[in-house]
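As a plain string of letters, each chain reads:
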Protein chains: 4
Amino acid sequence: MSTESANPRYRNERSHKAILDAALKLCREQGFAKTSVDAIAKEAGVGKQTIYRWWPSKAAVLVEAIDRQSAPSPDFPDTGDVLADLRDQMVIVARYFQAAQSSTYREVIGAAQSDPATAQVVLNTLVRPRVEGCRNRLEQARRQGQIRADVVLDDVIELIYAPLYYRLLLGTRPTTPEQVEVILNLAFDGLRPR
Amino acid sequence: MSTESANPRYRNERSHKAILDAALKLCREQGFAKTSVDAIAKEAGVGKQTIYRWWPSKAAVLVEAIDRQSAPSPDFPDTGDVLADLRDQMVIVARYFQAAQSSTYREVIGAAQSDPATAQVVLNTLVRPRVEGCRNRLEQARRQGQIRADVVLDDVIELIYAPLYYRLLLGTRPTTPEQVEVILNLAFDGLRPR
Amino acid sequence: MSTESANPRYRNERSHKAILDAALKLCREQGFAKTSVDAIAKEAGVGKQTIYRWWPSKAAVLVEAIDRQSAPSPDFPDTGDVLADLRDQMVIVARYFQAAQSSTYREVIGAAQSDPATAQVVLNTLVRPRVEGCRNRLEQARRQGQIRADVVLDDVIELIYAPLYYRLLLGTRPTTPEQVEVILNLAFDGLRPR
Amino acid sequence: MSTESANPRYRNERSHKAILDAALKLCREQGFAKTSVDAIAKEAGVGKQTIYRWWPSKAAVLVEAIDRQSAPSPDFPDTGDVLADLRDQMVIVARYFQAAQSSTYREVIGAAQSDPATAQVVLNTLVRPRVEGCRNRLEQARRQGQIRADVVLDDVIELIYAPLYYRLLLGTRPTTPEQVEVILNLAFDGLRPR
DNA sequence: GCGTAATCGAGACGGTACGTCCCGTCTTAGA
DNA sequence: TCTAAGACGGGACGTACCGTCTCGATTACGC
């Protein structure tokens, strides 16, 4: 880990951008695991130290790059119909998980399993802000009586988003827009026979 | 990858067991990522070649070890009450995910994100057999009218197990028996206000 | 190498002194090889650029520092007895070579083996002026008939001083006042049996 | 430094030879200081670890290479005339010091100034065996009355060889066959006027 | 005493090399 | 004949310094 002082006053923005771009490009071409910090530095025309000065690990670089340039926006639609809004947003996520670029995201989450620092930054940078957006939207829906009043919203979020992550990370089946329909159907109407 | 012929006729069972034990022990002590094949071989008192002869990677060793000695059994209880049986089994899973030993499982799933071969073996050895047990139990429940007739069972399985994996792999909150209650409540009764 | 104009008019004497002191101090504490320019700059409370502005290399800094503050004076005693004067001066050198501080001198000569610029500055700053003093003294001695008339003085200087450097740089034996006696005895009387 | 066990039983002689050759070649081409261990490994078609397994440093590799393939033999001629034998052997040394290949030797001695381990290996491998040969020859000469009976032989060796090293390492003048004549003349006949 | 220009401390930068770790394969000697 | 031990070629790691550069801030000179 770096022992640098890293005063952001002196940060070179050109290099910063070049590193994020190079990291994403190399991961797209050969995967996160086969992308070395050396290679990112070389591709970005940057010294390796410059990477270690500003990020604690390769994974941290990619979390930032994914957050800025790859992952779906944390903004949540609001048309008044929570079911429709959830469907729209989840379909975006499902399509992102299906797309080639999501494999970097997948690998970064993989790396987080062995490195608490990476897990933190994944959670805080990639997951939390997007959960936040969803929670706000659900809060309003609950106020408007579109969902049960007695639920804990984070439980709801997990219930409907977790199946997408499950497929992404366990690779059981691809995530599809149809899956989103199924999830929302089951989640809203329940499993109990009527 | 090994190019050995690996005739199981010559397989030394003492070494086989020693390798699985050593692998689990070292992962418990220092994590999967910091456990090298060299170290497993040394700990098991075995040549490195012996490991590569029978498994394609460190992860594959641990998949087998976890399946045999660590993960919850694929057998599913059947008391006639599907909700109670699900709860019982899911609580076992939740407790396993909370326990220290699950971190090896977690890291192996992490490693699978960057290695399709590992992903395959995780899916086939660890996930599928346990999903199978659950699917059989749900099938009977559906026949008995305890859950809706129109659901696809794998979708149901994902709906209720995915939140446990979500917490395990994203680290949002610990998995607890209480979470199991919440999940089953939401999943069976639905989010829609009555 | 610096491309600065480095007009000495603007030279900050406080910094100049601080750099020489810091360099010597760090070399004393941890050796020349482990002393980095960064460390000298930090120790001296000076920017790195300030060092590179006035010296072409770390070695050059230390040559100046040694010349000013560490090495024996280039002045040569003259009592009329050349043998006694040589002995006195050589004993000073021998003692200096034995002292801890000489290890910086030793390492600088070592660095000069790989860098012609350093070799030049060592020769011109540290060696030549001291050889000069010795040559003048020998010249007078020869005029007074205290040594053979047909010798080339630089050959004599090498003959008697080289053994001290030999021990210093090859580390065969420590340089001692006794060694000085032996050298002068052999050099003046010759090896041939009488 | 290596923590390997380095059991010579398993040493690959082809690699051993390739490393020594590559090291000498690169030092000849670009100097010892600019020759990196990486470069030697690449040139030799060898992993870097294989170098660190058998030698503690780049300098140690070159000491062995120089001893085997570059430096004058430790064998000392014996024609019965010690002065002639010394002259012959010293001329070989003087010529070696003048030749381009000696610059590697020079730089290795330079590196030894900053690293006691290298100093040891230079002394034991390169210097001592050659001094030994000379001492034996001088011993015989003394027995035969060709040199004074009261001298310590190592002092004599230093007296006559040190000037060659002095010129080599301080770079005052090139070492030449003529210098050898001068040294022997001064050393045998002494500085005192007759 | 004022404006300009060079120096100053600080430290980021593109690079090179370091010495270590581990990979997966190959070799050796001995049971 | 198979195994443990471990050497091998190779690649990546994270660190230490190199010598240059870019910042504002300070300092010293000539007008």
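Residues numbered from 1 in each chain as written. Chains lettered and ligands numbered in written order. Predicted model: local features only at pLDDT ≥ 70, side-chain atom pairs only at ≥ 80, totals over all residues. Heavy atoms only, no water.

1. Thoughts on the overall build of chain A
Argument step 1. Looking only at helices and strands, chain A features nine helices and zero strands.
Argument step 2. Reading chain A from its N terminus to its C terminus gives the helix and strand order α-α-α-α-α-α-α-α-α.
Argument step 3. The burial tally for chain A puts 51% of its 194 residues in the buried class.
Argument step 4. Contacts spanning at least 24 positions in sequence make up 65% of the contacts within chain A whose residues lie at least 6 apart.
Argument step 5. A total of about 9000 Å² of accessible surface is found on chain A, and carbon and sulfur atoms cover 49% of it. (Helix = DSSP H or I, 4+ residues; strand = E, 2+ residues; numbered from the N terminus. Buried < 20%, exposed > 50% of the residue type's maximum accessible area, 1.4 Å probe, protein only. Contact = heavy atoms within 4.5 Å. Areas by Shrake-Rupley, 256 points an atom, 1.4 Å probe, with all protein chains shown as cover.)

2. Quick notes on the relation of the copies chain C and chain D
Argument step 1. Overlaying chain C with chain D gives an RMSD of 0.1 Å, the required rotation being 179° about an axis along which the chain moves by 0.0 Å. Both copies of the chain, as the preceding transformation shows, are related through a two-fold rotation axis. (Least-squares fit on C-alpha atoms with pLDDT ≥ 70 in both.)

3. What about the domain arrangement of chain A?
Residues and elements named next belong to chain A.
Argument step 1. Along its sequence, chain A is organised into domain 1 (8-55) and domain 2 (69-189).
Argument step 2. Each of domain 1 and domain 2 was reduced to a C-alpha centroid, and the two centroids are 28 Å apart.
Argument step 3. Counting residues at the interface gives eight residues for domain 1 and five residues for domain 2.
Argument step 4. Summed over both partners, the interface of domain 1 with domain 2 comes to about 580 Å²; 62% of that surface belongs to carbon and sulfur atoms.
Argument step 5. The largest per-residue losses of area from domain 1 upon contact with domain 2 belong to L24, C27 and F32, which jointly make up 67% of the total buried on that side.
Argument step 6. Put simply, domain 1 and domain 2 have zero salt bridges between them.
Argument step 7. If you look at where domain 1 meets domain 2, you find three residue pairs in polar contact (both at pLDDT 80 or more). (Domains from an automatic or database assignment. Buried area = accessible area lost by both parts, 1.4 Å probe. Salt bridge = Lys/Arg side-chain N within 4 Å of Asp/Glu carboxyl O. Polar contact = N/O pair within 3.5 Å; in protein donor to acceptor, adjacent residues only side chain to side chain.)

4. Overview of the interface of chain A and chain B
Argument step 1. Contacts between chain A and chain B engage 45 residues on the former and 45 residues on the latter.
Argument step 2. The contact between chain A and chain B buries some 4500 Å² in all, and 59% of this surface belongs to carbon and sulfur atoms.
Argument step 3. For chain A, the biggest contributors to the area lost against chain B are Q113, R148 and L191 of chain A; these three give 18% of the whole.
Argument step 4. Counting every contact that joins chain A to chain B gives ten salt bridges.
Argument step 5. Residue E158 of chain B is joined to R173 of chain A by a salt bridge in which the shortest nitrogen-to-oxygen separation is 2.9 Å.

5. Some thoughts on the UniProt feature "DNA-binding region" (unreviewed entry) in chain A
Argument step 1. The feature "DNA-binding region" (unreviewed entry), as annotated in UniProt, sits at residues 36-55 of chain A in this numbering.
Argument step 2. A distance of 14 Å separates the end C-alpha atoms of residues 36-55 of chain A, which is 75% helix and 0% strand. (UniProt positions renumbered as here; feature names shortened; annotations may be inferred.)

6. Observations concerning the UniProt feature "domain: HTH tetR-type" (unreviewed entry) in chain A
Argument step 1. The positions UniProt marks with the feature "domain: HTH tetR-type" (unreviewed entry) are residues 13-73 of chain A.
Argument step 2. Here residues 13-73 of chain A runs as 74% helix and 0% strand, with 23 Å between its end C-alpha atoms.

7. A short note on the side chain of R137 of chain A
Residue and element names in this part refer to chain A.
Argument step 1. Within the secondary structure, R137 sits in helix α7 (residues 116-143).
Argument step 2. For R137, a relative accessible area of 4% puts it in the buried group.
Argument step 3. A distance of 2.9 Å separates a polar atom in the side chain of R137 from a polar atom in the side chain of D85.
Argument step 4. In this structure, R137 is in contact with F76, P77, D78, T79, G80, D81, V82 and D85, ignoring residues within four places of it in sequence.

8. Concerning the nonpolar core
Argument step 1. With 134 residues, the main nonpolar core has L86 of chain C together with L86 of chain D as its most contacted residues.
Argument step 2. Ranked by size, the runner-up nonpolar core spans 133 residues in total, among them V127 and V151 of chain A together with V63 and Y161 of chain B. (Core = buried A, V, L, I, M, F, W, Y, C linked by side-chain atoms within 4.5 Å.)

9. Some thoughts on the interface of chain C and chain D
Argument step 1. Each side of the interface is counted separately: chain C has 45 residues, and chain D has 45 residues.
Argument step 2. Taken together, both faces of the contact between chain C and chain D bury some 4500 Å²; the carbon and sulfur share is 59%.
Argument step 3. Per-residue buried area on chain C facing chain D is highest for Q113, R148 and L191 of chain C; these three make up 18% of the total on that side.
Argument step 4. Viewed at the interface, chain D and chain C are joined by ten salt bridges.
Argument step 5. Inspection of the chain C/chain D interface yields 28 residue pairs in polar contact (both at pLDDT 80 or more).

10. Notes on the environment of T35 of chain C
Argument step 1. Relative to the assigned elements, T35 of chain C resides in the loop between α1 (13-30) and α2 (37-44).
Argument step 2. If we ignore the near neighbours within four places in the chain, the residues touching T35 of chain C are L26, C27, Q30, I40 and K58 of chain C.

11. Quick notes on the packing of helix α8 (residues 153-170) of chain A against helix α9 (residues 177-189) of chain B
For any two helices packed against each other, the geometry comes down to the angle between their axes and how far apart the axes lie.
Argument step 1. Two elements in contact, α8 of chain A and α9 of chain B, have axes separated by 10 Å at closest approach and are oriented at 70°. Relative to α9 of chain B, the element α8 of chain A is oriented roughly perpendicular. Handedness of the crossing formed by α8 of chain A with α9 of chain B: right-handed. Across the interface between the two elements, D155, V156, E158 and L159 of chain A of α8 of chain A pack against Q179, V182, I183 and L186 of chain B of α9 of chain B.
Argument step 2. The class makeup of the residues in the contact of α8 of chain A with α9 of chain B is five nonpolar, one polar and two charged. (Axes fitted to C-alpha atoms, helices over the stretch in contact; angles between N-to-C directions. Parallel < 35°, antiparallel > 145°, perpendicular 65-115°, else oblique. Left-handed = near helix turned anticlockwise from the far one by under 90°. Nonpolar A, V, L, I, M, F, W, Y, C, P; charged D, E, K, R; others polar.)

12. What to know about the environment of P193 of chain C
Argument step 1. Position of P193 of chain C among the secondary structure elements: in the segment after α9 (177-189).
Argument step 2. Classification of P193 of chain C as partly exposed rests on a relative accessible area of 35%.
Argument step 3. As a C-alpha pair, P193 of chain C and V127 of chain C span 66 residues in sequence and 34 Å in three-dimensional space.
Argument step 4. When residues no more than four places from it in sequence are discounted, the contact partners of P193 of chain C are G145, Q146, I147 and R148 of chain D.

13. A short note on the environment of L153 of chain C
Residues and elements named next belong to chain C.
Argument step 1. Its location among the elements puts L153 in helix α8 (residues 153-170).
Argument step 2. Taking relative accessible area as the criterion, L153 reaches 6% and is therefore assigned buried.
Argument step 3. Ignoring anything within four residues of it in the chain, the contact list for L153 reads R135, L138, E139, R142 and I147.

14. Describing the packing of aromatic side chains
Argument step 1. Scanning the entire structure with this criterion turns up 24 aromatic pairs over all chains.
Argument step 2. Taking 6.4 Å as the distance between ring centres and 75° as the angle between the ring planes, the aromatic pair formed by Y105 of chain A and Y165 of chain A counts as edge-to-face. Taken together, the residues span a long stretch of sequence, with Y105 of chain A in helix α6 (residues 102-112) and Y165 of chain A in helix α8 at a distance of 60 residues.
Argument step 3. The class for Y105 of chain A is buried, based on a relative accessible area of 5%.
Argument step 4. Taking relative accessible area as the criterion, Y165 of chain A reaches 11% and is therefore assigned buried.
Argument step 5. Taken together, Y96, F97, Y105 and Y165 of chain A together with Y166 of chain B form an aromatic cluster joined through their ring pairs.
Argument step 6. Its guanidinium or amino end placed over the ring of F32 of chain C, K58 of chain C lies 4.1 Å from that ring's centre, counting from NZ or CZ. (Phe/Tyr/Trp six-rings, centres within 6.5 Å; stacked < 30°, edge-to-face > 60°. Lys NZ or Arg CZ within 6 Å of the ring centre and 35° of its normal.)

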